[in-house]
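Given next are the chains, with one letter for each unit.
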Amino acid sequence: MDFLALADFNLVARHGGFGRAARESGRPKATLSRRVADLESGLDLRLFERGARTLKLTEEGRALHERTTVLLTELDETAAAIASGGGAPRGRLRVNAPLLFSQAAMGTLAARFAMKHREVRLEVTTEDRTVDMVEEGYDLVIRVNPDPDVQLVGRVFLRDRLVVVASPQLARPKGTAPVPAVVRGSSEAGDPHPTWAVTARSRTKHIAVEPVLRLSSLFMVRDAARAGVGAARLPLSLVSQDLAAGRLVRWGDVGGPEIALWALYPSRRLLSPRVSAFLDFLKEAFPTGSPEELAAFID
């Protein structure tokens, strides 16, 4: 297979057209068109459906693009590393991380990483949606309890758990009367009096709660709980310092699976020095992966 033609095919597929690929890369449009046509001829497959104004990947073209784009990137990075005299991390590293983790720690982590690896240009974006790493050009993503994905591998670097907390001034629940609560978003809007299962001293108690305040950020939920408006379910890392200082008291733990933060990347093979350096950095920052280690980053 002609790897140059394959690289040009991926360039056109990534930019969605010959003209745009030519402008972005500085390559002649006619050259890109000829190389893609040669690749289609060699494979005896049509990779693009060509319309008057549109260019769309065929099913075979989409499969080829998804399976080869990461491999070609890894080959380029390996060749560049060898040519530069070793595997020192350098170049752009794009990371996507969830909102809460980013608000709590990513600014400090990114600064420390940038100072340690000055030839790496780190770019971090924050959102809770599941991004397409290949299509959107990310080298690594951080996700909470991600669904299995055969195209991604990774490791857990941090674990947390949910606890129920409240201001010391808020009376602990007695009987069946609902307790005022601060909740995130509108996930519990369907039930005016949802129930929380709270485990303390090896005993589980079901507490009826009445949402009196709905907020979109867990930091806002924490601050509202501090103010005494209601109880809240929050990650232990977010409230550890408040519990230690007595600003909040812990009513118990929330059952269910633990919160696991994963660092995910497309392939174990030919892992780029930049990604390897960032994975090692996360391990150094969270050596045991405990909630208390994340809590140290939170004001």
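Quick summary incoming for the structure in this document. Small disclaimer: the values here were computed from a predicted structure and weren't measured.

**Description of the overall build of the chain**
Stage number 1. Across its full length, the chain carries ten helices and 13 strands.
Stage number 2. In the chain, of all internal contacts separated by at least 6 residues, the share reaching a separation of at least 24 is 73%.
Stage number 3. A total accessible area of about 16,300 Å² is found for the chain, and carbon and sulfur atoms account for 51% of it.
Stage number 4. Here the chain contributes 41 positively and 36 negatively charged side chains, and the mean placements of these two sets differ by 4 Å.

**Things to note about the sheet that holds strand β6 (residues 153–160)**
Stage number 1. Pairing is mixed in the open sheet, where five strands are placed in the order β4-β3-β5-β13-β6. In this open sheet, the two strands that pair with only one neighbour each are β4 (120–126) and β6. Across the sheet, the axes of successive neighbouring strands diverge by a mean angle of 20°, strand direction being ignored.
Stage number 2. Pairing analysis gives seven bridges linking β6 to strand β13 (residues 259–265), with the strands arranged antiparallel. Following the sheet pairing, Arg159 is matched in β13 by Ala260.
Stage number 3. With respect to the sheet, helix α5 (residues 99–116) is in contact with β3 (91–97), β4, β5 (140–144), β6 and β13, its orientation differing from that of β4 by roughly 170°.

**Observations concerning the packing of aromatic side chains**
Stage number 1. Enumeration according to the criterion identifies nine aromatic pairs in this entry.
Stage number 2. Here the aromatic rings of Phe101 and Phe157 are separated by 5.7 Å at their centres, their planes lie at 70°, and the arrangement is edge-to-face. On the criterion of sequence distance, the pair formed by Phe101 in helix α5 and Phe157 in strand β6 is long-range, its members being 56 residues apart.
Stage number 3. A relative accessible area of 4% places Phe101 in the buried class.
Stage number 4. Ring geometry for Phe278 and Phe281: centres 6.4 Å apart, planes at 40°, overall tilted. Of the two residues, Phe278 and Phe281 are both situated in helix α9 (residues 273–285); the distance of three residues between them amounts to about one turn of the helix.
Stage number 5. The ring centre of Tyr138 lies 4.3 Å from the NZ or CZ of Arg94, which sits over that ring.

**Looking at the packing of helix α7 (residues 218–227) against helix α8 (residues 236–245)**
Stage number 1. Relative orientation of the contacting elements α7 and α8 amounts to 25°, with a least axis distance of 11 Å. Between α7 and α8, the angle falls in the class roughly parallel. For the pair α7 and α8, the sense of crossing is right-handed. Contacts from Leu218, Phe219, Arg222 and Arg226 in α7 reach Leu238, Val239 and Asp242 in α8.
Stage number 2. A breakdown of the residues in the contact of α7 with α8 according to their chemical character gives four nonpolar, no polar and three charged.

Definitions and cut-offs
Residues numbered from 1 in each chain as written. Predicted model: local features only at pLDDT ≥ 70, side-chain atom pairs only at ≥ 80, totals over all residues. Heavy atoms only, no water. Helix = DSSP H or I, 4+ residues; strand = E, 2+ residues; numbered from the N terminus. Contact = heavy atoms within 4.5 Å. Areas by Shrake-Rupley, 256 points an atom, 1.4 Å probe, with all protein chains shown as cover. Lys, Arg positive; Asp, Glu negative; His and termini not counted. Charge placed at Lys NZ, Arg CZ, Asp CG, Glu CD. Pairing = 2+ DSSP bridges. Axes fitted to C-alpha atoms, helices over the stretch in contact; angles between N-to-C directions. Phe/Tyr/Trp six-rings, centres within 6.5 Å; stacked < 30°, edge-to-face > 60°. Buried < 20%, exposed > 50% of the residue type's maximum accessible area, 1.4 Å probe, protein only. Lys NZ or Arg CZ within 6 Å of the ring centre and 35° of its normal. Parallel < 35°, antiparallel > 145°, perpendicular 65-115°, else oblique. Left-handed = near helix turned anticlockwise from the far one by under 90°. Nonpolar A, V, L, I, M, F, W, Y, C, P; charged D, E, K, R; others polar.

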